[in-house]
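Below are the chains, spelled out letter by letter.
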Amino acid sequence: MAAASTPDTAPAAPAVKRDRTHYLYIAVIAAVALGIVVGLVWPDAGVELKPLGTGFVNLIKMMISPIIFCTIVLGIGSVRKAAKVGAVGGIALGYFLVMSLVALTIGLVVGNILHPGDGLHITNALKATGHAQVDSEALGGVDFVLSIIPTTFVSAFTEGQVLQTLLIALLAGFALQAMGSAGQPVLRGIEHVQRLVFRILGMIMWAAPIGAFGAIAAVVGSAGLDALKSLAVLMLGFYVTCVLFVFVVLGTVLRVVSGLNIFTLFKYLAREFLLILSTSSSESALPRLIAKMEHLGVSKPVVGITVPTGYSFNLDGTMIYMTMASLYIADALGTPMSVGEQIPLLLFLLLASKGAAGVSGAGLATLAGGLQSHKPALVDGVGLIVGIDRFMSEARALTNFAGNAVATVLIGTWTKEIDKGRVRQVLAGELPFDEKTLLDEGEPGVTPDLPEQREELAKA
C-alpha cells in the first residue's frame, strides 16, 4: 500500500500547474465565443484579425520539425534491432491505406444518399473562384517522392516539410543505433534539446487564446451566415459522417484491438481537440500529440514514426471531405456521376492527397487540383464550397487528429510497444500529464535514461 500511496501524494505540487493550464483553456473557449461574436457583428473587423490566428499556428509549426527530429532519433537510436522500426513503419502504412479506403467508402455512401448539390445553380463568378483554387504546388507521384529528399541536411528544418524532417531523423536514428555505445553522448544531448523544445512549446501555448480569437473571428467574418444557410445540407452531412466514422468505425476498432473506450481516450486529449477547433489546424496539436502518446505509455519508436507519417498519409477527415465535396459539385453542375465514375475519381484523389501533403490549404487545393487532373469540368463547381471550406476544415482537422491518435494506440498494441498498465493509470488520472514541460521527468518507472532502458530490454 505504501508504494501505491506515494504517487497519490507526490503530484501535490504539480496540481497548481494543472489549475493554471485549466484556466488557459477556459480562456481559449471564451476567446472562441468572443471571436464568433466579433465575426458576426463586425465581419470586416473580424477578417482583419486573421493574422492573430495565423501567427499562433505559425509559432506551433515552428516547433514541429525539432520535436519530430528529437522524438524519432531518441526512439530509433535507443532500439537495438532496426527490424523493429521497419515493422512499425510497414504496419502503420498498411493501416493508413485501409482506413483511407474505409473513409472514402463511408463518404461515398452518405454522399449518394444525401445528394446535397441537387437544385443549385452556378454562376460564372463561382466558376472563376473554383479555378483559382487549383494549387500549382500540388505534386504528382514521382515529384512527391523526390520532394521528400531535402536540399541539405539543415533545410529539412527550415522549410517546414514534415516528411523531409522524418527522413533526416530516420537516417540519424539508424546511424546512432549502429554506433552503439559511442552514440550515447549524442542521444543524451538530443534528449536535453528535446526538453528545451518542449519547454518553449509550453510557453507558446499561453498565446492560444489570442490565436483562437483571431482565427475564429476571421472565419466567421469572411463566411457569414448566408454561406452557412445555403450549404447547410453539405455541412451537416459531412459533420455527421465524420462523427459516425470516428465513434463507430474507429471506436469499434480501438475497443476490439486495444480494449480501450474511445471516449476515455478523447477525454485525455480534450485540450488538443479544443486547440484544433479554435485554430482549424490539426498541425497545431501535433507536438502535443507526440508528447501525450509517449506519456500514455506508447514507446518512442512507435510514436515517432506513426504520428508524423500519419499527418501526411492518414487523413481520414480529408478523405471523407473530398468524397462528399466531389459528389456535391457533380450534382450541383447537373452532371451526377455514376458509381463507376465515382470510384476511379476517388482513388485518384486518394493518391493526390498524398502529393499535396504540407501544401497550405491542402483540403481545398487538393480537391481542386485532383479534379483538374482527373475530371476538369468539375473544377467549375469548386467555387460553391469556398465559402464554407474553413468551417468544414474544422471537422476535417478534428477527424484527422482523432484518426492519428487511435492509430498510434493500435500500432503500439499490434507491435507490443505499449505499456497497458500505464495506459490505465494515465486514463484514470493517476499519472497526470505535465503541461509545463510536456515531458515525463521524475515519474515512477520513467527516467531520462531511455537508451539504457531500451538496451536492457533488448538484451532480455
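All of these numbers come straight from a predicted model, not from anything done at the bench.

What counts and what doesn't
Residues numbered from 1 in each chain as written. Predicted model: local features only at pLDDT ≥ 70, side-chain atom pairs only at ≥ 80, totals over all residues. Heavy atoms only, no water. Helix = DSSP H or I, 4+ residues; strand = E, 2+ residues; numbered from the N terminus. Buried < 20%, exposed > 50% of the residue type's maximum accessible area, 1.4 Å probe, protein only. Contact = heavy atoms within 4.5 Å. Areas by Shrake-Rupley, 256 points an atom, 1.4 Å probe, with all protein chains shown as cover. Salt bridge = Lys/Arg side-chain N within 4 Å of Asp/Glu carboxyl O. UniProt positions renumbered as here; feature names shortened; annotations may be inferred. Phe/Tyr/Trp six-rings, centres within 6.5 Å; stacked < 30°, edge-to-face > 60°. Lys NZ or Arg CZ within 6 Å of the ring centre and 35° of its normal. Expected span 1.5 Å × (residues − 1). Patch = residues over 30% accessible without salt bridge, like charges linked within 9 Å, V, L, I, M, F, W, Y side chains within 5 Å. Axes fitted to C-alpha atoms, helices over the stretch in contact; angles between N-to-C directions. Left-handed = near helix turned anticlockwise from the far one by under 90°. Nonpolar A, V, L, I, M, F, W, Y, C, P; charged D, E, K, R; others polar. pLDDT = per-residue confidence, 0-100.

The secondary structure content of the protein amounts to 22 helices and zero strands. Within the protein, the fraction of its 460 residues that count as buried is 53%. Considering only residue pairs separated by 6 or more positions, the protein has 84% of its internal contacts joining residues 24 or more positions apart. Carbon and sulfur atoms make up 67% of the accessible area of the protein, which amounts to about 19,500 Å² in all.

Applying the stated criterion across every chain, the model contains three salt bridges. Close ionic contact of R288 with E272 constitutes a salt bridge, the shortest N to O distance being 2.5 Å. Taken together, the positions of R288 in helix 15 (residues 286-296) and E272 in helix 14 (residues 270-279) put the pair 16 residues apart, joining distant regions of the chain. Looking at E272, the relative accessible area reads 0%, which means it is buried. Among the salt bridges present, the one from E294 reaches K300, with a minimum N-O distance of 3.1 Å. Within this structure, E272, R288 and K292 form a network of salt bridges that share partners.

The next thing to look at is the UniProt feature "transmembrane region" (unreviewed entry) in the protein. Per the UniProt entry, the sites bearing "transmembrane region" (unreviewed entry) are residues 23-42, 62-79, 91-114, 162-179, 200-225 and 231-257 in this numbering. Counting secondary structure, residues 91-114 comes out at 100% helix and 0% strand; the distance between its end C-alpha atoms is 35 Å. Taken end to end, residues 162-179 has its terminal C-alpha atoms 26 Å apart, with 100% of it in helix and 0% in strand.

Each aromatic ring pair is summarised here by two numbers: the centre-to-centre distance and the angle between the ring planes. In the structure shown here, the tally under the stated rule is nine aromatic pairs. Look at F247 and F263: their rings are 5.1 Å apart centre to centre, the planes differ by 15°, and that puts the pair in the stacked class. Of this pair, F247 sits in helix 12 (residues 232-258) while F263 sits in helix 13 (residues 262-268), and the two are 16 residues apart along the sequence. When the centroid spacing of 5.8 Å and the interplanar angle of 75° are considered together, the rings of F247 and F266 count as edge-to-face. With a gap of 19 residues between them, F247 in helix 12 and F266 in helix 13 connect regions that are remote in the sequence. Members of the aromatic cluster, joined through ring pairs, are F247, F263, F266, F273 and F401. Directly above the ring of Y268 sits K292, whose terminal nitrogen or CZ lies 4.8 Å from the centroid.

Further remarks concern helix 17 (residues 316-332). The end-to-end C-alpha distance of helix 17, which contains 17 residues, comes to 24 Å, matching closely the 24 Å that a straight helix rising 1.5 Å per residue would cover. Across the 17 residues that make up helix 17, a large majority, 17, are buried. Two residues or fewer past helix 17, G334 is found with a positive phi of approximately 75°.

There is a patch of nonpolar side chains on the surface, built from I36, V37, L40, V41 and W42 and spanning about 470 Å² of accessible area. Tracing the backbone through its elements, the reader meets W42 in the loop between helix 2 (14-41) and helix 3 (43-48).

A word on the packing of helix 12 against helix 17. Axis separation between helix 12 and helix 17 bottoms out at 10 Å; the angle between their running directions is 145°. The two elements helix 12 and helix 17 meet at a crossing, and its hand is right-handed. Every residue of helix 17 that contacts helix 12 at L234, G237, F238, T241, C242 and F245 is listed here: D316, G317, I320, Y321, M324 and Y328. Looking at the contact of helix 12 with helix 17 residue by residue, the class counts come to eight nonpolar, three polar and one charged.

Before going further, it helps to examine the side chain of S326. Within the fold, S326 resides in helix 17. The class of S326 is buried, set by a relative accessible area of 0%. Once you skip the residues sitting within four places of it in the chain, S326 turns out to touch M337, L345, L346, L349, L367 and L371.

With their axes 8 Å apart at the nearest point, helix 15 and helix 21 (residues 420-427) run at an angle of 115° to one another. Contacts between helix 15 and helix 21 involve E294, H295 and L296 on the former and, on the latter, R422, V423, V426 and L427. Of the residues assigned to the contact of helix 15 with helix 21, the class counts are four nonpolar, one polar and two charged.

Next up on the list: unusual backbone geometry. Even without being glycine, K416 reaches a positive phi, approximately 55°. By the secondary structure assignment, K416 is in the loop between helix 20 (389-414) and helix 21. Judged by relative accessible area, K416 falls into the exposed class, the value being 72%.

What follows covers the side chain of T241. Summarising the element assignment, T241 is placed in helix 12. Of the residues examined, T241 reaches a relative accessible area of 0% and is grouped as buried. Aside from chain neighbours lying at most four places away, what touches T241 is I106, G107, V110, I320 and M324.

To continue, consider the environment of G46. For G46, the location among the structural elements is in helix 3. By relative accessible area, G46 is classed as buried at 0%. Spatially, the C-alpha atom of G46 lies 7.8 Å from that of V219, the residues being 173 residues apart in sequence. Ignoring any residue separated from it by four or fewer positions in sequence, one finds G46 in contact with V38, G214, A217 and A218.

Now for the confidence of the model for the protein. The predicted model of the protein has a mean per-residue pLDDT of 76, with 75% of residues at 70 or higher. Per-element mean pLDDT across the protein ranges from 43 in helix 22 (residues 450-459) up to 93 in helix 13. With pLDDT under 50 throughout, residues 355-360 is counted as low confidence; its partners more than four residues away or in other chains account for 12 contacts. Every residue in residues 442-460 scores below 50 in pLDDT, and together they form 29 contacts with partners more than four places removed in sequence or on other chains.

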